[in-house]
Amino acid sequence: MASPPPPELMDELVGEILLRLPPVEPEHLFRAALVCKPWLRILCDPAFGRRYRAFHGAPPLLGLLPEIVVDQGDRGPRIFSNTSIPDFRLPGSDGCLMSPLDCRHGLVLIYIDYMLGDEGDNYLVWDPITGDKHGLPAPDSPLLIDSAAVLCAADYCDHLDCHGGPFRVVLMGTLDFEDNIVASVYSSETGVWSAPVAFDNAYEASVLPGRGALVGDAIYFTICWKGNAIKYEWGQNFLSMINLPSPATTLMAMDDGSLGSAYIEGSSLYILSRKVNSEGAAEWVQFKVIELETIIPGTSSDQKPFVVGFAVVGFAEGVGVIFIRTDVGLFTIELKSERVRKVNKPLDDSVLSYMSFYTPGILLAICLSSVILHFTCSFHMFA
């Protein structure tokens, strides 16, 4: 006699199993959604999406953007996928060059440089997963931009699912013909830029190009003035200055919510954390030192007849990953495990990390929105 079929798992047990599929490889979730209708229903339930994001915590690293656009024939920014999903690509436009400035909370901030034709918005906020785009004009003040940041502006958001929510754009630079460092903020809720706030005590200082570090309600950018950094608190609309442990440092957010600093001396990578005591006094505390020649393949002085150059060119918030450029390629280093991987992508310089959850529920919501919009437009067209 044929043995009876095994009992089917209850939806609750299936959900607990699917909950543990790693977000670093979205393909697993999409394949699971194709197994049967009950699994598809579970994976596309908004409640599962909320549990999945809360269970895994930090969004996964889905891909990398080069900060410097090299291919003039392809003017649209491209996120080189870090997974099996296809690359995210934003189509370019004739007569303009698009340069990525920042990635954060599932959004990409892009500067638009018009070379031919009529000018339009100077900045673009792009959600690669949903495809949403929001154009921004330049501030009315003659602000010379050195660095910028995009961030979620939703109250009490855990930044695990920021798609479609309000956002802010922070521009940091100098006023034309002046030496003061200034900041201006755009709000998607009001659609206007704030009046620039200035820091007057840094003569001939300027903000260095590069990604800022977001810690709490403040964003930090490095400046070329006595090895310091500028701090902007948007809630108080206030600029201040802090000292850095090294002039050639990269600012980053640490897992404990403090401001971190990464810099290289010789072949050693130094990671420090800025600790603030109850009285408000701050000091830099060494977190870790990593000897790069011992862990990055092909960079040992025993194997090379010349000195190998190392440079910190990016970091991924929340997952403790830092990007190191060497003469033999671009590598990622996991700070906790010191695990090293070579980035097999055509990226040679500074990179921006794109991090977001990508689940079947998000894709289904996008498809349903498109279908509803299509039928709504068709109804109005023939009404």
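Residues numbered from 1 in each chain as written. Predicted model: local features only at pLDDT ≥ 70, side-chain atom pairs only at ≥ 80, totals over all residues. Heavy atoms only, no water.

The name given to the protein in an unreviewed UniProt entry is F-box domain-containing protein, with the source organism recorded as Urochloa decumbens.

J.: Could you clarify how one ought to interpret the pattern of salt bridges in this entry?
T.: When charged atoms on two side chains of opposite charge get close, those side chains can pair. Taken as a whole, this structure holds 10 salt bridges when the rule is applied. For Glu16, the salt bridge identified is with Arg20, shortest N-O distance 3.1 Å. For Glu16, a relative accessible area of 31% translates into the label partly exposed. Arg20 gets classed as partly exposed once you look at its relative accessible area, which sits at 48%. Here Lys275 and Asp256 are joined by a salt bridge, their closest N and O atoms 2.5 Å apart. Here Lys275 is found in strand E19 (residues 268–276), whereas its partner Asp256 is found in the loop between strand E17 (250–253) and strand E18 (259–265), with 19 residues between them in sequence. Through salt bridges with shared partners, a single ionic network connects Asp102, Arg104, Arg211 and Glu317. (Salt bridge = Lys/Arg side-chain N within 4 Å of Asp/Glu carboxyl O. Buried < 20%, exposed > 50% of the residue type's maximum accessible area, 1.4 Å probe, protein only. Helix = DSSP H or I, 4+ residues; strand = E, 2+ residues; numbered from the N terminus.)

J.: Got a minute to help me understand the sheet that holds strand E25 (residues 351–355) in this structure?
T.: Pairing within the open sheet is antiparallel, and its four strands lie in the order E3-E2-E1-E25. The sheet terminates laterally at strand E3 (88–89) and E25, the two strands that pair on one side only. Bridge count between strand E1 (residues 61–66) and E25: five bridges; the pairing is antiparallel. Residue pairing for E25: Leu61 is matched across the bridge by Met355. (Pairing = 2+ DSSP bridges.)

J.: It is not clear to me how helix H1 (residues 11–18) should be interpreted in this structure. Could you clarify?
T.: All buried positions along H1 are accounted for by Val14, Gly15 and Leu18. Projected onto a plane normal to the axis of H1, the buried residues spread over an arc of 100° and lie on a single side. In this structure, the buried side of H1 is in contact with helix H2 (27–33), helix H3 (37–43) and helix H4 (46–56). (Arc of directions from axis to C-beta. Contact = heavy atoms within 4.5 Å.)

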